[in-house]
Amino acid sequence: MNAIWHDLECGAYDADLPLWRGLAEQQGDPVLDVGAGTGRTSLDLARHGATVTALDHDPELIAELALRADGLKVTTVVADARQFALGQRFALCIMPMQTIQLLDGAQERASFLRCAKAHLRADAILAVALAVELEVFAVPDDSPAPLPDICERDGVVYSSQPTAVRAADGGFILERRRETVTPDGRLSIVRNTIRLEQLATEQLEAEAGAAGFSPAGLQTIPATRDYAGSTVVMLRG
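Residues numbered from 1 in each chain as written. Predicted model: local features only at pLDDT ≥ 70, side-chain atom pairs only at ≥ 80, totals over all residues. Heavy atoms only, no water.

On to the packing of aromatic side chains, then. Tallying each qualifying case throughout the model produces 2 aromatic pairs. Residues Y13 and Y227 carry aromatic rings whose centres are separated by 4.8 Å and whose planes lie at 45 degrees to one another, so their mutual orientation is tilted. With a gap of 214 residues between them, Y13 in the loop between α1 (2-10) and α2 (17-27) and Y227 in the loop between β11 (214-221) and β12 (230-236) connect regions that are remote in the sequence. Classification of Y13 as buried rests on a relative accessible area of 6%. We note K117 situated over the ring of F213; from NZ or CZ to the ring centre the distance is 5.6 Å. (Phe/Tyr/Trp six-rings, centres within 6.5 Å; stacked < 30°, edge-to-face > 60°. Helix = DSSP H or I, 4+ residues; strand = E, 2+ residues; numbered from the N terminus. Buried < 20%, exposed > 50% of the residue type's maximum accessible area, 1.4 Å probe, protein only. Lys NZ or Arg CZ within 6 Å of the ring centre and 35° of its normal.)

What follows covers the packing of helix α5 (residues 105-118) against helix α6 (residues 201-210). Put simply, α5 and α6 touch, their axes get as near as 10 Å, and they point 55 degrees apart. Between α5 and α6, the interaxial angle falls into the category oblique. Relative to α6, the crossing made by α5 is right-handed. Note on element contacts: α6 touches α5 through Q203, E207 and A208, opposite A106, R109 and L113. In the contact of α5 with α6, the residues fall into 3 nonpolar, 1 polar and 2 charged. (Axes fitted to C-alpha atoms, helices over the stretch in contact; angles between N-to-C directions. Parallel < 35°, antiparallel > 145°, perpendicular 65-115°, else oblique. Left-handed = near helix turned anticlockwise from the far one by under 90°. Contact = heavy atoms within 4.5 Å. Nonpolar A, V, L, I, M, F, W, Y, C, P; charged D, E, K, R; others polar.)

Attention now moves to the state of the cysteines. Scanning the entire structure with this criterion turns up 0 disulfides. Among the cysteines around C115, which has no disulfide bond, C93 carries the closest sulfur, lying 10 Å off. Overall, the relative accessible area of 13% leaves C115 in the buried class. (Disulfide = S-S within 2.5 Å.)

Time to look at the pattern of salt bridges. Evaluation of the coordinates by the stated rule reveals 15 salt bridges. In this structure, the salt-bridge partner of R166 is E175, at a minimum N-O distance of 2.6 Å. Beyond isolated ion pairs, a larger network of salt bridges with shared partners links R109, R195, E197 and E207. (Salt bridge = Lys/Arg side-chain N within 4 Å of Asp/Glu carboxyl O.)

On to unusual backbone geometry. Glycine aside, a negative phi is what most residues show, and trans is what most peptide bonds show. In this chain, D29 is followed by P30 through a cis amide linkage whose omega measures -10 degrees. As for its position among the elements, P30 is in the loop between α2 and β1 (31-34). Positive phi, close to 50 degrees, is recorded for M97, a residue that is not glycine. Relative to the helices and strands, M97 resides in the loop between β4 (90-95) and α5.

One broad trend across soluble globular proteins is that nonpolar side chains are buried collectively. Formed by 28 residues in total, the largest nonpolar core has its most connected members in V34, I100, F112, L126 and F213. Elements supplying a minimum of two residues to this core: β1, β4, α5, β5 (120-130), α6 and β12. It is β5 that provides the largest number of residues to this core, a total of 5 residues. Once residues lying within four places of it in the same chain are set aside, the contact partners of F112 are V34, A81, R82, F84, M95, I100, L103 and L126. Listed in part, the 27 residues of the second largest apolar core include L17, A36, A129 and M234. (Core = buried A, V, L, I, M, F, W, Y, C linked by side-chain atoms within 4.5 Å.)

Let us look at the pairing of strand β2 (residues 52-56). Across the 5 residues that make up β2, a large majority, 5, are buried. By the bridge criterion, 4 bridges tie β1 to β2 in an arrangement that is parallel. The residue bridging L32 from the neighbouring strand is T53, located in β2. As for the winding sense of the linkage, the β-α-β connection from β1 through helix α3 (residues 40-47) to β2 is right-handed. Crossover β2 to strand β3 (residues 74-78) through helix α4 (residues 59-68) is right-handed. (Pairing = 2+ DSSP bridges. Right-handed = clockwise from strand over helix to strand, strands pointing away.)

Backbone hydrogen bonds hold the strands of a sheet together, and the pairing may be parallel or antiparallel. Strand order in the open sheet formed by 7 strands is β3-β2-β1-β4-β5-β12-β11, and the pairing between neighbours is mixed. In this open sheet, the two edge strands, each paired with only one partner strand, are β3 and β11. Ignoring strand direction, the axes of neighbouring strands in this sheet form an average angle of 20 degrees. Here β5 pairs with β12 via 6 bridges, running antiparallel. Paired with A127 across the strands is M234, a residue of β12. Docked against the sheet, α5 engages β1, β4 and β5, running at close to 145 degrees with respect to β5. Along the sheet, α6 makes contact with β5, β11 and β12, crossing β12 at roughly 20 degrees.

Below, the structure written as structure tokens:
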């Protein structure tokens, strides 16, 4: 079921895809996609001719990605972003959709940055997306909430509705109401929360510098109606 929720809440986002395609064309093969999920970015890059290694810690998501990658130049890996050894080097490593802000603090980010550095060729690029600012909100129980994302799989209806973004100590808590309705009408409700670390571009550049990277510019991905905007920090290995 993780794959269904991942697709429902993240799969429709495409505002960043032109940036990743452009970087892959600029840097060449191979490309490492860290936090690949069910393949939103990896499959798009492969369909545009790139050779991609897709890495995620969730075996269910990677299994779904592997099924979808049939016939494409995609290698799937189940591994932790903080500790992986792939035995090859890449021309480009990307970390889309604020994945780095799911890591818990500077020490975990340092572990990822060291792993990424060890897997990059000379003059390669590491590109990391950050949500620098999030609009804090909370929907009262008696007020209309933002419209939910809805899909149907095998007769089961899945609904995911954002209900709050709350400031937390050193980060943000994203809250969603997840509902499923079975064909016989049984309703299940789960409150899902995700924590994002607050991380400024300057802080990430400084931490990357300690791992041997140098700044290579910033790119902005504007907000859409359904998704927050992001800043992509470019780092040269």
